[in-house]
Amino acid sequence: MEEGEGGQRELPWARPPTQRDAGRPTAPPRAVRADTRRPPDTADAVPGAPDAQVRSARPTAPGTARSRLGDPHPRQEGPVDLRLVGPALAAWAAAAWALDASTASIAVVTGVCLVVAGGLLTVRRAGAPAGPQGGRGPWSAVSAAAALLCAAAAAASAGLHGADLRRGPVPALARQYAAVTAEVEVTSDPRLTRPRIKGDHATPTAVLLEGEVRRLTRADGTVVVTRAPVLVIVDAEAHAAPRASTGVVTGPGRSPWPALLPSTRVRVTARLAPPLTGGGRVAAVLRVRGAGQPEIVGEPSGAQRWAGRLRAGLREATDGLDPDARALLPGLVVGDTSRVTSELDDAFKKTDLAHLLAVSGGNFTLLLALVIGPAGLAQRVERRGLAPRLGISLRGTALLGGALTLGFVIVCRPDPSVLRAAACGAVALVALATGRRGSLIPALATAVLLLVLYDPWLARGYGFLLSVLATGALLTVAPRWGAALRRRRVPPRLAEALAAAAAAQALCAPVVAVLSARVSLVAVPCNLLAEFAVAPATVLGFAALGAAPVAMPVARGLAWCAGWPAGWIAGIARTGASLPGAGVDWPGSWTGALLLAVVTAVLVLAGRRLVRHPWLTGVCAVLLLLVVVQPPPLTRVITGWPPPDWRFAMCDVGQGDATVLAAGEDTAVVVDAGPDPTLVDRCLTALGVTRVPLLVLTHFHADHVAGLPGVLRGRSVGAIETTGFEEPPDQALFVHAQAAARHIPVMRAVAGERRRTGPLDWQVLWPPPDPVPAPDGPNDASVALLARSAGLTLLLLGDLEPPAQQALLRSSAGAALGPVDVLKVAHHGSAYQDPELIRRVAPRLALISCGRDNPYGHPAPRTVAALRGEGALVLRTDEDGAIAVAGAGKGLRVARD
């Protein structure tokens, strides 16, 4: 509305038409309120609502230049325009199919699509009946022809991209596993593989990067110029200094590979190998082993050097933050996950917060909103953001936004979510520059269509699929659910956040289940709690990113401020992942995804009826909370686990060891930590252990120490006691680093040592004191303990093998060994056991910790038979789950989880 003479407000449909109104459909008159208060259905009443659905009622400031600020009364739009959805989906499906289809098949399908589309357009022009919306609807002949044309174009583009991987010298040499010298242009940021526990050791870390082979020298000296995408895998031992400067300084002895920037060209000697089945967009794998080292033959581009300095500056600015905030903030802002530990990464995956570790459209939306303001006000007089305050016109704002989009893609790297967000933003900016308005659904469809035509491999990417599904949920489902919640008196902002989290989870959960074979029950509350911290962490993080090159102290201050919300997000992920009922296993297949979609639809329909009954809704919420949290007192009443007078417990940690010895209320001595922090943490939580006066790590194999962070999480640990044989060195270093970070002393266990805590006392039987013998590997250096509690005796043998078992029986500490109540069988029940030791201790109960379907055949049938031959009851975690021993003296009882 505008002010007329005498200060009276003039209705927009009552003012005389002007030249700028020519050709516009006029809106019909409607009743208006007598007062000048803002109506409740304006854009700000529903945050993020498209301005196609609302009309601003604010007065135009006198003297405002409309040519600079835009139309104060943009015309109303009709229903959501879905005409581009069909072409986008058709192009997506065609591209996914054509990537590995034969040339003949692609030619036939493309030809059929073109012929049918031409026929539809010919019939339409000849005067055939129009579609339901005058030939412009989503199901009209024109739309069908457009879908067929887009499918043909996508199939042709995908066919060309797929053929590129199958032709040329690189695939042929890869099938021969040929050794070559290759010049590779790096096309991605190098990344480190996550260490995985494989048996008793952790797999070595390797460097992965994507690149394009530009020049190839065969073993016979033949030089070939080509262009083929490859995946470069650099083994951990390939450490060397670069022979030319990359613009990044690396420390002495440090691998130069992680410091390489995209667009750098390197020459390296390596071996080609075929990619795995379904290897995606690479023609071969280039494996760099041993002393392979990159020789820099081409500097990175100026744009990439600029982006590299920004990313390095952000890392430097976050150096002083807490470990979780230091790891998360660069990932949240620019997608730099180099500092994210595997433990933190698992926590984000289990709570469905992994999208925060990759740059998403939300980051770009926040950045763009700082410049042009909320999208719903982008073309109005009262538009917000920095651009109007700086007096920048609409077209200038669009150009500024375009430059921002390009810089965003360069700095954050062109991942699927980044490309999708940038494409949507580019479409919106074009609409802003040309004065054409539209909803975000056509923008999303246009982005999908353009990206699939440009890079058909996105059509098969799970990340791209999840990004589009989440965005579609926010644009279609979330507004309706938010409106329904507001009608039930939920506060608007809470309703919007809750609806967004629930809608994204509902649409994305089936795909996530395919990837993880698991359904998170805490995803919605975790996303809801984290959402309030994402905006301040992202905005302050971007501010630190921009300030780092020019004012590092300012950048550190901004990063410190951003560290608080980033730490909150990491805390939410860790807390949610540690809950006993955080998730349920689900079939990891597309059949399972379809089943989950059906279950989700049923729950949504039931929820619509349920919300009409507040008391019933509250009861269901409390029941879900109890299922997720599983408070130990309630769990103990329902399941009987753990028994109230438990003395010893063996946790089910897979192929590894973790034994718990009760030492008082909420207190226990823990022997070994298993291979998985989550599993041992969950076991200790179920047992109600919050204080660990002593953690004994029998030896440094990964299946005994890799779960150490899970024992330390949220518990007071007094000291760590280990063997004196620190092999393998990488795991020994890991233990010392974890202990040093929490200021926990590390001591060496020696035979003859005696200790007592509460009702528990124990004696160290092995290894002997100085001088440390030369054991036959870390297993024979394991710490062996004899523990007593309430008249029960427990012998723990670590992973001792027959030579050390026999030496133990001959030692002064082992000479007095006699029958025991409980035996923790050595080395997961392997076949390598000393029969004399089994006869000497003659256990009443033998406990074996091993993983289900492990590749080592643990436990060995002959070991189980020998134990049973001595009268022992044999229990194993792969079949019986976690095991607790309760009672006193002769009254030994066993409980299973």
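The coordinates are above.
The structure contained in this document is the topic of the report that follows. This one's a predicted model, so the numbers in the text were calculated from it and none came from an experiment. (Residues numbered from 1 in each chain as written. Predicted model: local features only at pLDDT ≥ 70, side-chain atom pairs only at ≥ 80, totals over all residues. Heavy atoms only, no water.)

1. A few points about the sheet that holds strand β18 (residues 695-697)
Then step 1. Spatially, 8 strands are ordered β21-β20-β18-β16-β15-β14-β29-β30 in an open sheet, and the strand pairing comes out mixed. Since the sheet does not close on itself, it has two edges, and those belong to β21 (746-748) and β30 (891-896), each with one partner. Strand after strand, the sheet turns through a mean of 20° between neighbouring axes, direction not considered. (Pairing = 2+ DSSP bridges. Helix = DSSP H or I, 4+ residues; strand = E, 2+ residues; numbered from the N terminus. Axes fitted to C-alpha atoms, helices over the stretch in contact; angles between N-to-C directions.)

2. Regarding helix α6 (residues 302-317)
Then step 1. The end-to-end C-alpha distance of α6, which contains 16 residues, comes to 22 Å, matching closely the 22 Å that a straight helix rising 1.5 Å per residue would cover.
Then step 2. Buried residues of α6: Q304, A307, G308, L310, R311, G313, L314 and A317, and no others. (Expected span 1.5 Å × (residues − 1). Buried < 20%, exposed > 50% of the residue type's maximum accessible area, 1.4 Å probe, protein only.)

3. A look at the side chain of S188
Then step 1. Inspection of the secondary structure assignment puts S188 in the loop between β3 (179-186) and β4 (191-192).
Then step 2. Accessibility expressed as a relative area gives 13% for S188, which makes it buried.
Then step 3. In contact with S188, not counting residues within four places along its chain, are L209, E210 and P262. (Contact = heavy atoms within 4.5 Å.)

4. Some words on the nonpolar core
Then step 1. Core analysis: the largest hydrophobic core is formed by 59 residues, its most contacted members being V170, V232, W257 and L286.
Then step 2. Among all residues touching L286, those that are not within four sequence positions of it are V180, A182, V184, L231, V232, I233, V268, A270, R271 and L272. (Core = buried A, V, L, I, M, F, W, Y, C linked by side-chain atoms within 4.5 Å.)

5. Considerations on the layout of surface pockets
Then step 1. If you add up the space inside the second largest pocket, you get close to 1900 Å³.
Then step 2. Along its surface, the second largest pocket is lined by 43 residues, and A502, V524, L603, G607 and L624 are the ones closest to its centre.
Then step 3. Those elements giving two or more residues to the lining of the second largest pocket turn out to be α14 (462-487), α15 (492-516), β12 (518-520), α16 (523-547), α18 (590-610) and α19 (614-629).
Then step 4. Here the lining of the second largest pocket takes 9 residues from α18, the largest share from any one element.
Then step 5. Classifying every residue of the lining of the second largest pocket by side-chain character gives 33 nonpolar, 5 polar and 5 charged. (1 Å grid on protein atoms, 1.4 Å probe; cavity = no way out; pocket = protein on both sides within 12 Å on 5 of 7 lines; lining within 4 Å. Points joined across faces, edges and corners; volume = space filled by probe spheres on them. Nonpolar A, V, L, I, M, F, W, Y, C, P; charged D, E, K, R; others polar.)

6. Side note on the environment of A182
Then step 1. Take A182: it is sitting in strand β3.
Then step 2. Overall, A182 belongs to the buried group, its relative accessible area being 1%.
Then step 3. Sequence separation of A182 and T269 is 87 residues, and the distance between their C-alpha atoms is 6.4 Å.
Then step 4. Filtering out sequence-adjacent residues up to four positions away, A182 remains in contact with V213, R215, L216, V266, R267, V268 and L286.

7. Concerning the pairing of strand β29 (residues 883-888)
Then step 1. In terms of burial, β29 is a largely internal element, 5 of the 6 residues being buried.
Then step 2. Strand direction decides the pairing type here: strand β14 (residues 646-650) and β29, joined by 4 bridges, are antiparallel. If you follow W646 over to β29, its bridge partner there is A886.
Then step 3. Inspection of the sheet shows β29 paired to β30 by 6 bridges, in the antiparallel sense. Bridge pairing in β30 links A886 to R893.
Then step 4. Remark: 2 residues form the turn of the hairpin made by β29 and β30, two consecutive strands paired antiparallel; G889 in that turn has positive phi of roughly 60°.

8. Observations concerning the pattern of salt bridges
Then step 1. For the structure shown, the criterion picks out 34 salt bridges.
Then step 2. We note a salt bridge from R281 to D455, for which the minimum N-O separation is 2.8 Å. Highlighted residues: R281 in the loop between β9 (265-273) and β10 (284-288) and D455 in the loop between α13 (440-454) and α14, separated in sequence by 174 residues.
Then step 3. Overall, the relative accessible area of 33% leaves R281 in the partly exposed class.
Then step 4. Judged by its relative accessible area of 12%, D455 is buried.
Then step 5. Linking D657 and K824 is a salt bridge whose minimum nitrogen-to-oxygen distance equals 2.7 Å. A residue pair is termed long-range when its members are at least 10 positions apart, and D657 in the loop between β14 and β15 (659-662) and K824 in strand β26 (residues 822-824) qualify at 167 residues. Judged on exposure class, the residue D657 and its partner K824 are both buried.
Then step 6. Here the salt bridges share partners, and the residues they tie into one network are E183, E185, E212, R214, R227, R265, R267 and E295. (Salt bridge = Lys/Arg side-chain N within 4 Å of Asp/Glu carboxyl O.)

9. Some remarks on the sheet that holds strand β22 (residues 754-757)
Then step 1. The 7 strands lie next to each other as β22-β23-β24-β25-β26-β27-β28, forming an open sheet whose pairing is mixed. Of all strands in the sheet, those bounded by a partner on one side alone are β22 and β28 (873-876). On average, each strand axis in the sheet is tilted by 20° relative to the strand beside it, whichever way the strands run.
Then step 2. Across 4 bridges, strand β27 (residues 845-848) lies against β28 in parallel orientation. Bridge pairing links L847 to L875 in β28.

10. Digging into the environment of V477
Then step 1. Looking at the secondary structure, you find V477 in helix α14.
Then step 2. Note on V477: relative accessible area 19%, which makes it buried.
Then step 3. With 26 residues separating them along the chain, V477 and A503 place their C-alpha atoms 6.0 Å apart.
Then step 4. Not counting the four nearest positions on each side in its chain, V477 is found in contact with G472, A503 and L507.

11. Structural notes on a positive patch on the surface
Then step 1. Side chains of R487, R488, R608, R609 and R612 sit close together on the surface and give a patch of like positive charge.
Then step 2. Following the sequence through the fold, R487 ends up in helix α14. (Patch = residues over 30% accessible without salt bridge, like charges linked within 9 Å, V, L, I, M, F, W, Y side chains within 5 Å. Areas by Shrake-Rupley, 256 points an atom, 1.4 Å probe, with all protein chains shown as cover. Lys, Arg positive; Asp, Glu negative; His and termini not counted. Charge placed at Lys NZ, Arg CZ, Asp CG, Glu CD.)

12. Details of the packing of α15 against α18
Geometrically, a packed helix pair is captured by the angle between its two axes and the distance between the axes.
Then step 1. Running from amino to carboxyl end, α15 crosses α18 at an angle of 155°, the nearest separation of the two axes being 8 Å. Comparing their axes, α18 and α15 come out roughly antiparallel. The element α15 and its partner α18 pack so that their crossing is right-handed. Seen from α15, the contacting residues are A506, A509, P510, A513 and V514; seen from α18, they are W590, A593, L596, A597 and T600. (Parallel < 35°, antiparallel > 145°, perpendicular 65-115°, else oblique. Left-handed = near helix turned anticlockwise from the far one by under 90°.)

13. Details of the pairing of strand β16 (residues 668-671)
Then step 1. Because side chains alternate across β16, one face comprises the buried residues A668 and V670, and the other comprises V669 and V671, equally buried.
Then step 2. Strand direction decides the pairing type here: β15 and β16, joined by 4 bridges, are antiparallel. Across the sheet, the residue bridging to T659 is V671, located in β16.
Then step 3. As consecutive antiparallel partners, β15 and β16 are separated by 5 residues, and within that stretch G664 has a phi angle of approximately 125°, a positive value.
Then step 4. Across 2 bridges, β16 lies against β18 in parallel orientation. Looking across to β18, one finds that V671 is bridged to V696.

14. A closer look at the packing of α6 against helix α17 (residues 552-578)
Then step 1. The contact between α6 and α17 brings their axes to 8 Å, and the two run at 65°. Judged by the sense of rotation from one axis to the other, the crossing of α6 with α17 is right-handed. Between α6, through G313, E316 and A317, and α17, the contact on the second element is made entirely by M552, A555, R556 and A559.
Then step 2. Here the residues of the contact of α6 with α17 are counted per class, giving 4 nonpolar, 1 polar and 2 charged.

15. Details of a nonpolar patch on the surface
Then step 1. Taken together, L616, V619, V622, L623, L626, L634, V637 and I638 make up a surface patch of nonpolar side chains, about 730 Å² in accessible area.
Then step 2. Within the residue set of the nonpolar patch, elements represented by two or more residues are α19 and α20 (632-639).
Then step 3. Top element by residues in the nonpolar patch is α19. It accounts for 5 residues.
Then step 4. Positionally, L623 belongs in helix α19.

16. So, unusual backbone geometry
Then step 1. Here the bond from W641 into P642 is cis, since omega is -10°, no more than 30 degrees from zero.
Then step 2. Residue W766 is joined to P767 through a cis peptide bond whose omega torsion reads 5°.
Then step 3. Within the secondary structure, P767 is located in the loop between β23 (760-766) and β24 (784-789).
Then step 4. The residue H828 is not glycine, and still its phi comes out positive at about 60°.
Then step 5. Inspection of the secondary structure assignment puts H828 in the loop between β26 and α27 (835-841).
Then step 6. Positive phi outside glycine occurs at D853, with the angle close to 55°.

17. Description of the packing of aromatic side chains
Then step 1. Applying the stated criterion across every chain yields a total of 3 aromatic pairs.
Then step 2. Each ring, one from W560 and one from W564, has its centre 5.8 Å from the other, and the planes form 85°; the classification is edge-to-face. In this pair, W560 and W564 both sit in helix α17, 4 residues apart, roughly one turn of the helix.
Then step 3. Under the relative-accessibility criterion, W560 is labelled exposed at 51%.
Then step 4. When its relative accessible area of 58% is taken as the criterion, W564 is described as exposed. (Phe/Tyr/Trp six-rings, centres within 6.5 Å; stacked < 30°, edge-to-face > 60°.)

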